[in-house]
Amino acid sequence: MTPTTPFPAERLEDSNVRVLLLENIHPNGVEFLRGKGFQVETRDSALSENELIEAIAGVHLLGIRSTTYITEKVLDAAPDLIAIGAFCIGTNQIDLAATTSRGIAVFNAPYSNTRSVVELAIAEIISLARRLHEKSTDMHAGIWNKSAAGSHEVRGRTLGIVGYGNIGSQLSVIAEALGFKVVFFDIDDKLALGNAQRCSTIEELLQISDVVTLHVDGRPGNAGLFGADEMSQMKPRAMFLNLSRGIAVDTAALREHLESGHISGAAIDVFPVEPKRQGDPFESDLRGLKNVILTPHVGGSTEEAQQDIGRFVASKLRAYASFGSTSLSVNMPEINLPSDSSKHRLALVHRNAPGVLATINGLLGEHGVNIEAQSLSTRGDIGYVLTDVAAEVGTEVLQELAALPESVRLRQLS
Ligand SMILES: NC(=O)c1ccc[n+]([C@@H]2O[C@H](COP(=O)([O-])OP(=O)(O)OC[C@H]3O[C@@H](n4cnc5c(N)ncnc54)[C@H](O)[C@@H]3O)[C@@H](O)[C@H]2O)c1
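Structural notes, computed from the coordinates. On a predicted model such as this, the values are computed, not experimentally measured, just so you know. (Residues numbered from 1 in each chain as written. Predicted model: local features only at pLDDT ≥ 70, side-chain atom pairs only at ≥ 80, totals over all residues. Heavy atoms only, no water.)

What about the side chain of S329?
Counted only if it meets this: The numbering of helices and of strands both runs from the N terminus, where a helix is a DSSP run of H or I of at least 4 residues and a strand a run of E of at least 2. We define a polar contact as two N or O atoms separated by no more than 3.5 Å, with the added condition that, inside protein, one atom must be a possible hydrogen donor and the other a possible acceptor, whereas residues neighbouring each other in sequence contribute only through side-chain atom pairs. Here a residue-residue contact requires only that any non-hydrogen atoms of the pair lie within 4.5 Å.
You can see S329 is positioned in the loop between helix 11 (303-323) and strand 13 (344-351). A distance of 3.0 Å separates the side chain of S329 from the backbone oxygen of V106, its partner in a polar contact. Among all residues touching S329, those that are not within four sequence positions of it are A105, V106, F107, E334 and R379.

Let's talk about the site of the ligand
Where we set the bar: Residues are labelled near a given molecule or strand when at least one of their non-hydrogen atoms is within 4 Å of it. Amino acid classes used here: Ala, Val, Leu, Ile, Met, Phe, Trp, Tyr, Cys and Pro are nonpolar; Asp, Glu, Lys and Arg are charged; the rest, including Gly, are polar.
Neighbouring the ligand are 26 residues; I167, D186, V216, N222 and D269 lie closest to it. A distance of 3.2 Å separates an oxygen atom of the ligand from a polar atom in the side chain of K190. One of the backbone N or O atoms of G300 is found 3.0 Å from an oxygen atom in the ligand. Looking at the shell around the ligand residue by residue, the class counts come to nine nonpolar, 10 polar and seven charged.

Remarks on the sheet that holds strand 15 (residues 382-389)
Counted only if it meets this: Any two strands with at least two DSSP-identified bridges between them are counted as paired. Think of each axis as a best-fit line through the C-alpha atoms, taken over the contacting stretch in the case of a helix, with angles from 0 to 180 degrees between the N-to-C directions.
The four strands lie next to each other as 14-15-13-16, forming an open sheet whose pairing is antiparallel. Two strands in the sheet have a free side with no partner beyond their single neighbour: strand 14 (371-379) and strand 16 (407-412). On average, each strand axis in the sheet is tilted by 10 degrees relative to the strand beside it, whichever way the strands run. Two elements, strand 14 and strand 15, share eight bridges in a ladder whose sense is antiparallel. Across the sheet, the residue bridging to R379 is I382, located in strand 15. Packing against the sheet, helix 12 (residues 356-366) makes contact with strand 13, strand 14 and strand 15, and its axis sits at approximately 155 degrees to strand 14.

Structural notes on helix 1 (residues 27-35)
Every α-helix winds through 3.6 residues per turn, so residues three or four apart in the chain are directed the same way. To keep things clear, this is the line we draw: To sort residues, take the accessible area from a 1.4 Å probe on protein chains only and compare it with the maximum for the residue type: under 20% means buried, over 50% means exposed, and anything in between is partly exposed. Relevant arc is that of directions from the helix axis to the C-beta atoms, nothing else.
Regarding helix 1, the residues found buried are G29, V30 and L33. Relative to the axis of helix 1, the buried residues are bounded by an arc of 100 degrees and lie together on one face. Turned more than 90 degrees from where helix 1 packs its buried face, E31 and G35 sit exposed. Where the residues of helix 1 are buried, they touch strand 1 (18-21), strand 2 (39-42) and helix 11. Backbone geometry just after helix 1 places G37 at a positive phi near 95 degrees.

A word on the sheet that holds strand 1
Within the open sheet, the five strands sit side by side as 2-1-3-4-5. Their pairing is parallel. Of all the strands in the sheet, just strand 2 and strand 5 (105-107) have a single pairing partner and so form its edges. Across the sheet, the mean angle separating the axes of adjacent strands is 15 degrees when strand polarity is ignored. Here helix 1 sits on the sheet and contacts strand 1 and strand 2; the angle it forms with strand 2, its principal contact strand, is near 155 degrees. Sheet contacts for helix 11: strand 3 (61-64), strand 4 (83-86) and strand 5; angle to strand 4, the most-contacted strand, approximately 170 degrees.

So, unusual backbone geometry
Unlike most non-glycine residues, N24 shows phi in positive territory, near 55 degrees. With respect to the helices, strands and loops of the structure, N24 is situated in the loop between strand 1 and helix 1. A relative accessible area of 49% means that N24 is categorised as partly exposed. For H297, which is not glycine, the phi dihedral falls at a positive 50 degrees. Here H297 lies in the loop between strand 12 (292-294) and helix 11.

Remarks on the pairing of strand 1
Test applied: Crossover handedness is defined here as right-handed if the route from the first strand over the helix to the second strand goes clockwise, with the strands pointing away from the viewer.
The pairing of strand 1 with strand 2 spans four bridges and is parallel. When the bridges of strand 2 are listed, L21 appears paired with T42. Crossover strand 1 to strand 2 through helix 1 is right-handed. Across three bridges, the pairing between strand 1 and strand 3 is parallel.

Observations regarding helix 10 (residues 251-259)
Buried within helix 10 we find T251, A253, L254, H257 and L258. The buried residues of helix 10 occupy one face: seen down the axis, they fall within an arc of 155 degrees. Exposed residues lying more than 90 degrees from the buried face of helix 10 are E256 and E259. On its buried face, helix 10 sits against helix 9 (228-232), strand 10 (238-242), strand 11 (263-268) and strand 12. Its side-chain oxygen 3.1 Å from the backbone nitrogen of A252, D250 forms the N-cap of helix 10. Remark: G261 follows helix 10 within two positions and exhibits a positive phi of approximately 85 degrees.

A word on the pattern of salt bridges
For clarity, the cut-off: What makes a salt bridge here is a side-chain nitrogen of Lys or Arg within 4 Å of a carboxyl oxygen of Asp or Glu, nothing more.
For the coordinates displayed, the defined rule picks out 17 salt bridges. In this structure, D76 engages R102 in a salt bridge whose closest nitrogen and oxygen atoms are separated by 2.6 Å. In this pair, D76 is assigned in helix 3 (residues 72-76) and R102 in the loop between helix 4 (96-101) and strand 5, connecting sequence segments 26 residues apart. Judged by its relative accessible area of 54%, D76 falls in the exposed class. Look at R102 and you get buried, because its relative accessible area is 14%. Note that R198 and D189 form a salt bridge whose closest N and O atoms lie 3.7 Å from each other. Owing to a relative accessible area of 44%, R198 belongs among the partly exposed residues under this scheme.

Structure below.
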């Protein structure tokens, strides 16, 4: 980890916190931060590295979405920056190692769009079971094909969920309310919700499910998770959904199973290769098949999800700036010490080395500073400690704390 210059520990009043929000962040987030008294500047588009280097001087909190890249050069131009909010799910656009070594906290919104994915999955399962896409396409082509053949209710069917995390488990609850019998397989030991039943292998799930839906994460081992072998173990005429990761499914094998009729329908939202920009051509083995719903990675794309992302990330930035809370931070050790307005709080990001806490407390003790509450957490190379004291700490003590060899960034919060 690169050592950084200890941060001067001057207190930052909320009214002096400067926030720069790029990429048209939802008004929810903007209003929330303004409502807390922060000075908020907004821009509609992303900024290039050079533009950001110019704009970031004096900024304490930066909000971006997926197209602004946070590089070492940007961070070098941002000595006042204390936190970055990624108003989206992914954080690949941020050099996380560089932010962490500078004691800059990063927040994102990992859960805000999970309900949207669940609702799309439910809509697609019923659409596939009733062959809605096919019937609607026929009608647009002027064909009146009134027939019950191949259309089914979902009530009483078995839904097999592979990956029982935030999305899989919510889907389980809603599907059960629709009359599904739910079974799931997860590599972790997950609590079964409602009447859902755990399968001990994916094979067991495939053999009993009328609908198989993937909700696994993107760990490297999941590339090629679902191929010809898995598909051939599914029940004849079962349906298949993937709204998780494109790389998890062999689309050529899926095409074969759809063409043979072994799989009766599929809904796919994510693809091994996806167009980079709006309007770029979309290529896939799955184009042009009957009873196959293809959507352009929009499982989580709803206005409600955007609104929730705005609120969620803005509230994390505020809690970090004002109270030092790192709850659900992407890169910082997690601490959420209740704040007490009668106390003064010191927030110190430090290198994770043996004896740091003893050194900090020894130094405070030597200066007669009594600790009222304290919480320490570590994560890899970095440690974070919040210390509440009864009276304001003098400049000399702050300078000594900031000058400790392990100190990365010291802030006085109240
Ligand atoms: N389509 C979209 O627009 C959209 C939106 C949001 C999330 N997603 C994707 O949906 C997926 C699920 O999201 P989440 O928030 O529920 O993630 P999560 O991390 O909460 O859950 C993933 C679950 O999958 C399990 N898992 C991983 N590999 C497995 C395997 N090989 N077999 C069985 N279980 C396995 C994990 O143990 C975990 O319980 C992620 O890949 C996410 O990126 C897609």
